[in-house]
Amino acid sequence: MSSTPGIKPIPASKPAPTPLPQAKPTELLHDQYSFLAANLHPVILLSGLALSFNRLVQDPVMTLARAAPVVIILQALYCFLCLPSTGQAPPQPKNKWKKQAKPSQDFGARAVPAFLSLLLTITLTIPALFLVLIFFGAPLTTHQAHTILLAAHLGLLATPQLFYVHGLDVRVWMQAASLQLPLDEVYGMSLGAVLGAWFGAVPIPLDWDREWQRWPVTVLVGVYVGACLGKVVGGYLVKGWRVKLN
Amino acid sequence: MAPRRRRTTAALALANLLLPLALLVFATGFFPYKPVLPGLAGWDEEDWADAAGAGVGVGAGVKMGEDAPFDKLVFMVVDALRSDFVFGKGGRMGFVQSLIREGSAIPFTAHATPPTVTMPRVKALTTGGVPGFLDLILNFAEGDGEGGAGGELGGVDSWLAQLRRKGLGLGLGLGGEEGETQGGTDGGLVFYGDDTWLKLFPGEFFGRAEGTSSFFVSDFTQVDTNVTRHLPSELLPPSSTKPEWTALITHYLGLDHIGHKTGPAGPAMLPKQREMDAVFRLLYEAVEAQAHLRDTLIVLVGDHGMNAGGNHGGSGPGETEPALVFASPKFASPREAPAEPREGTEFEFYRKVQQSDVVPTLAGLLGFPVPRNSLGVVLGEVCEGLLGAEGWGRLLRRNARQVRGVVEAGLGAERWRGLVEGFEERVRKGGCEGVADGEEEEMACLWARAVGLKGLEGEAEALLAFLYKAQDALSSTASSYDVPRMGAGIAIAGGSLLLAVLAFPVLWPPTLAGCALTAVTGLYGVMMFASSYVEEEQHFWYWTTPAWLALLAVRSLQQGGSRLSLPNGLSVPRALLVIPLLASHRLMLRWNQTGQKHAGAPDVAHAFFPDHHILMWLAVLGTYLLVGAQLTRSSFKGVLAAEAAVSTAFVMVLPAVVFKLNFTQADAPELVLGLGERVRAFTAGLDLVAQARVVFVMLVLATGIVVVGSTWKNEKTSAKEAKITLADRLHPLLTLFLVTQTRAPNVPLFFLLELQRSCFARLLLPPTPNPNSKSHSQALPIALTSLLLSQTTYFAFGGSNSISSIDLSNAYNGVADYNIVAVGILLFAGNWAGAVWWCSAAVTLLLPRPESPAQSKVGSRAWVAQERAKLRTDAAGSAPEAGGDGEEGSSPWMIHITATTVFSAGSLVAVMAACTLLRTHLFIWTVFSPKYLYAMAWAVGWHLIVSVGLGWALWGCGGVV
């Protein structure tokens, strides 16, 4: 693979687009730092959550807002250090200087897509996820800041790695949305975060009258635990499986 | 294939037959029938013997009961009079408070046992018994508004019956009572107020009476002025037109109405409290001033309280703590009147007593035998001072003997005697501490101790100990569960579940919908064991429904297949239909705030619409317009000529709109505010009953026209012409009926429901037909969808698992005389409107719909017709080869019903198991028992009658295309 920029774009005008090759599970970069960083990643996320839990319960908005930049950096580092960037560049002019993914990618070829992945997460997926959260029952007339920050954390945990690995190909994203990608640690983390958010709503109606039952603490915990669980399960236990809904 | 199909049908039929059996068997174990001692109590030999010592009785000059300090009673019930309204610093009943400080009034906080609705409370206040939970059903089944007749009390012993007998000079016993009436109504009972009393004590029980109906809770004033206007003349010395009374009973409803409408902090609440205070003052000053009322006791009592939202029915602190005040110038025990409730309580200002304690107390003060079924304990604060030590002791003994009678009736006289004899020896050596084992033995021991102390010091205390123990033991029903029966009920429901599961034509491999149904049923079952999830059940459905919608979208994406073409020529994946579905779902779940935790939080119906009532009426009119359009386009299409169809639809919808407007003006005037004044003036001549009847008669006529017309037309038209199934034709008619049964703020929800149905019609279409695949049937996904949305809409319409959320306002539409069947149907249709609607919608989704050529042109429908046509030919072609295990073996409707049966049976098993395992739980009567009642309504009303019965009829109609 050459390191020359300019990857041939997918011809959009073709009447019958080439069928998408069967997606394969993502493999980590082949160096020990990647392996170490990839396994340290969920540990850092969860311990961060555990350490800031009390502050989160006391002042969710402030805590989530302060934690967001840290999570951005963590996710960028995760993409940068551990994951192969998109094999096929999406037909985006701004990506033309991006280098192709390979174990010996140089700094720019990995840093730029990592940066773009987070940019896309912030501009595209977080607003979309905010809407999804509202649709699934998040408060609309109150707690907007809480819900926006929850969407931000959900988006940060669920999507940068997908952008980084799969780029912007609509068909791949359709596959991702319809659960047709093979499970791996990237996709597992995304699915885990989303499922975790859904399950996180369970304790809210209980009459225990605890502080942590307030919006959005349980859902946020669900997101973090789900993402880390999904990452580990997807990366090791069920790697390569596909979800089949008849 | 045929035998297998017959087997599954038989299994399904048996499963559905077992459901009501399971409900019945369980209910008889869970709500045991309490025997009521018949007849009126009289003075017995022990009473005579006791009294003889005090110079009263046969031998002496004074008749039994004539030594009592009072001979007349004014019993003033104020509905929902919570303790703090009278005693608290926020209350406005200053005259009552001043009497308390002077000592002429003796206050209590009277505990009202749940269910805190009027009828059972009136029963407790008059008979002294603890009404069983089944009285609650009777309250709603027969009552209107705030109460009703559930098992008349005319023949049951109560202080009313006793006073009536005493006042009228009737003999003992109930037989031939009417014949002995002396001089008409002289000395009888007089009643003004809530007509619940007139239903409980029907016929000629009251000498004079006027009932007020609590039909529209928007009536704050009329219900009360109708009572108060009688009082001045009743308080005058007796005359020939108004003969003397022994008891004057009033029941004021206005305060409760204000609570329901605006909550305890509403603007009309304090003026109403002042009004009630003024009525009390009027009564008290009359008693002070007038000679003939000298020996009159006044009792002011709330039948129940209200919670922070102004509702009642449950066991919240506010709901169970009404005020109770005894007043007379004869009382003289000044006391502090605290402005704050006791530490750690919200509404306990004075000693907390039971409501039933009123009954023996009245018996002591007015001199009549304690009513037979009373579990009350005489109130020392009231009686001791006036009766003197000897009289007080006698009253206590009377009370204790009467309660012993109740205990004996429950245990059997033999057993009781045996128990008491066993303790007689032992109690002489000491108290009952640690001697007795179990409640029955403890009661026997305390009784034996009290008998042993007769005439000695400490007797009163011993008698009270026995009385309180017996009251406690007999009030709690925990001891009277029939656990084996409850277990049998669970087992039968379990058998029904097993049969229903086996009735599925294919169990393996599991489908997405099959797994989802299993998960929903399982999670629901687990949830039933947590009281907070039962109270907040809506969250479960609000939580699972969007997930299922998302799964449907994902599945649609995976299957690829046909796309949805938009008017502008573009096409999008069908999965995008999930967006309007999710959006409408999200809007619906904020429509009515339900559940306990956030009761009263702002929502669309209660916070937004009152401020934007014009917007609400626009949405309501839009919904009616949609129904009208559907009537034209599907119900009457082809049956009537186009012009006739439009005008018929108009003629049907217009009275419905006018009725809704007039009904809302009566029920919730704050939502009308002068709108449609001319329409209302024009229709003022026709009462609401007649207006509702017009709507219903039109519906029946239209149904007849549609059924006959479409059948007749069908014989003539060829296969190629436009065809609409009869189920599709009847659906708009059902919608119009359900809209009529729905409160105005909820009417626009039907617009959203219709939107959801049309989205599902496209989203739930079979994927590209594949004759080899057995999974092309959409029956199971449709069944699960309709189940989830039935539940979701039930809660979105404001339903909950609490008794207080039952909406009675539309249960009497078009019903003038009381008719239990009609009211039952209307009540169910009103409260389960969305759930009933989805049953019909599910059938229209299930039916293979022949598309008309006209509709095919719409484009978005063209492929529907093609796919369905192909599907049918495929199904027809493959059925013979499909062998015994294909889904083709069962009709989609059978699969649909199998799925709803599985859920119904599964949820019943869970609810019954929860009620059995948690039968000693603190919340058993407040959370789990109401949930069981609701589970019964869901299983019988929604599943058996609507889903199976109505669904079957509609599915059968589907054949008449």
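Residues numbered from 1 in each chain as written. Chains lettered and ligands numbered in written order. Predicted model: local features only at pLDDT ≥ 70, side-chain atom pairs only at ≥ 80, totals over all residues. Heavy atoms only, no water.

In the annotation of an unreviewed UniProt entry, chain B is listed under the name GPI ethanolamine phosphate transferase 2 and assigned to Cladosporium halotolerans. Here is the UniProt Subcellular location (unreviewed entry) comment for chain B, exactly as written: "Endoplasmic reticulum membrane". Annotation of chain B in UniProt includes, under Sequence similarities (unreviewed entry), the sentence "Belongs to the PIGG/PIGN/PIGO family. PIGG subfamily." (UniProt positions renumbered as here; feature names shortened; annotations may be inferred.)

In the annotation of an unreviewed UniProt entry, chain A is listed under the name Glycosylphosphatidylinositol anchor biosynthesis protein 11 and assigned to Cladosporium halotolerans. Recorded in UniProt under Pathway (unreviewed entry), the annotation for chain A is "Glycolipid biosynthesis; glycosylphosphatidylinositol-anchor biosynthesis." Word for word, the UniProt comment on chain A under Subcellular location (unreviewed entry) is "Endoplasmic reticulum membrane".

For chain B, per-residue confidence averages 84 on the pLDDT scale, and 85% of positions sit at 70 or higher. For the stretch residues 172-185 of chain B, pLDDT sits under 50, and the model shows 23 contacts to residues farther than four places along the chain or on other chains. (pLDDT = per-residue confidence, 0-100. Contact = heavy atoms within 4.5 Å.)

This part covers the UniProt feature "transmembrane region" (unreviewed entry) in chain A. Residue and element names in this part refer to chain A. UniProt records the feature "transmembrane region" (unreviewed entry) for residues 33-53, 107-136, 148-166, 186-206 and 218-238 in the present numbering. End C-alpha atoms of residues 148-166 are separated by 25 Å, and the span's content is 95% helix alongside 0% strand. Split by type, residues 218-238 is 95% helix and 0% strand. Its first and last C-alpha atoms lie 26 Å apart. (Helix = DSSP H or I, 4+ residues; strand = E, 2+ residues; numbered from the N terminus.)

Turning to the interface of chain A and chain B, a few remarks are in order. How big an interface is tends to be stated in terms of accessible area lost as the parts join. Contacts between the two partners involve 27 residues from chain A, matched on the other side by 26 residues from chain B. Regarding the contact of chain A and chain B, the summed buried area is about 2,300 Å², with carbon and sulfur atoms giving 64% of it. At the junction of chain A with chain B, the criterion picks out seven residue pairs in polar contact (both at pLDDT 80 or more). Where the side of chain A that touches chain B is concerned, the elements lending two or more residues are helix 4 (107-135), helix 7 (170-177) and helix 8 (185-200) of chain A. (Buried area = accessible area lost by both parts, 1.4 Å probe. Polar contact = N/O pair within 3.5 Å; in protein donor to acceptor, adjacent residues only side chain to side chain.)

Attention now goes to the UniProt feature "transmembrane region" (unreviewed entry) in chain B. All names here are of chain B. Following the UniProt record, the feature "transmembrane region" (unreviewed entry) maps to residues 486-508, 515-534, 614-632, 639-659, 694-712, 818-847, 893-920 and 932-955 here. Secondary structure content for residues 515-534 is 85% helix and 0% strand, while the C-alpha to C-alpha distance between its ends is 23 Å. The distance separating the terminal C-alpha atoms of residues 694-712 is 27 Å; by composition the span is 100% helix and 0% strand.

Moving on: a nonpolar patch on the surface. Residue and element names in this part refer to chain A. On the surface, Phe 35, Leu 46, Val 225, Leu 229, Val 232, Val 233, Tyr 236 and Leu 237 cluster together into a nonpolar patch covering about 730 Å² of accessible area. Elements supplying a minimum of two residues to the nonpolar patch: helix 1 (32-51) and helix 9 (217-237). Ranked by residue count, the leading element in the nonpolar patch is helix 9, at six residues. Mapped onto the elements, Leu 237 comes out in helix 9. Relative accessible area serves as the criterion here: at 65%, Leu 237 is assigned to the exposed category. (Patch = residues over 30% accessible without salt bridge, like charges linked within 9 Å, V, L, I, M, F, W, Y side chains within 5 Å. Areas by Shrake-Rupley, 256 points an atom, 1.4 Å probe, with all protein chains shown as cover. Salt bridge = Lys/Arg side-chain N within 4 Å of Asp/Glu carboxyl O. Buried < 20%, exposed > 50% of the residue type's maximum accessible area, 1.4 Å probe, protein only.)

With that settled, the discussion passes to the pattern of salt bridges. Pairs can form between side chains of opposite charge whenever their charged atoms are close. Residues and elements named next belong to chain A. Inspection of every chain in the model, using the stated rule, returns 28 salt bridges over all chains. Residues Lys 231 and Glu 185 are paired through a salt bridge, measuring 3.1 Å at the closest nitrogen-oxygen approach. Residue Lys 231 is found in helix 9, and its partner Glu 185 is found in helix 8; the two are separated by 46 residues along the sequence. For the residue pair Lys 231 and Glu 185, the accessibility class agrees, reading buried in each case.

What follows covers the sheet that holds strand 1 (residues 72-78) of chain B. Residue and element names in this part refer to chain B. Read across the sheet, eight strands follow the order 4-3-5-1-6-7-2-8 without closing on themselves; strand pairing throughout is mixed. Each edge of the open sheet is held by one strand with a lone partner, namely strand 4 (208-212) and strand 8 (352-354). Neighbouring strand axes in the sheet, compared pairwise and without regard to direction, differ in orientation by 20° on average. Of the strand pairs in this sheet, strand 2 (residues 105-111) and strand 7 (residues 323-327) are connected by five bridges, and their pairing is antiparallel. Within strand 7, the residue paired with Ala 105 across the bridge is Ala 327. Packing of helix 7 (residues 159-168) onto the sheet brings it into contact with strand 1, strand 3 (188-194) and strand 5 (245-252), and relative to strand 5 it is tilted by some 145°. (Pairing = 2+ DSSP bridges. Axes fitted to C-alpha atoms, helices over the stretch in contact; angles between N-to-C directions.)

Turning next to the nonpolar core. In terms of nonpolar packing, the biggest core is built from 218 residues, with Leu 83 of chain A together with Phe 30, Tyr 624, Leu 631, Phe 760 and Tyr 932 of chain B touching the most fellow members. What Leu 83 of chain A contacts, discounting residues up to four positions off in sequence, is Leu 28, Leu 29, Tyr 78, Gln 161, Tyr 164, Val 165 and Val 186 of chain A. In this structure, Val 122, Val 370, Leu 411 and Phe 423 of chain B belong to the second largest nonpolar core, which totals 70 residues. (Core = buried A, V, L, I, M, F, W, Y, C linked by side-chain atoms within 4.5 Å.)

Right, let's talk about the pairing of strand 3 of chain B for a bit. For a regular strand, side chains alternate in direction, first toward one face of the sheet and then toward the other. All names here are of chain B. Buried residues dominate strand 3, accounting for seven of its seven residues. Relative to strand 5, strand 3 is paired through six bridges, and the arrangement is parallel. Directly across from Tyr 192, in strand 5, lies its bridge partner Thr 250. Across five bridges, the pairing between strand 3 and strand 4 is parallel. Paired with Tyr 192 across the strands is Glu 210, a residue of strand 4.

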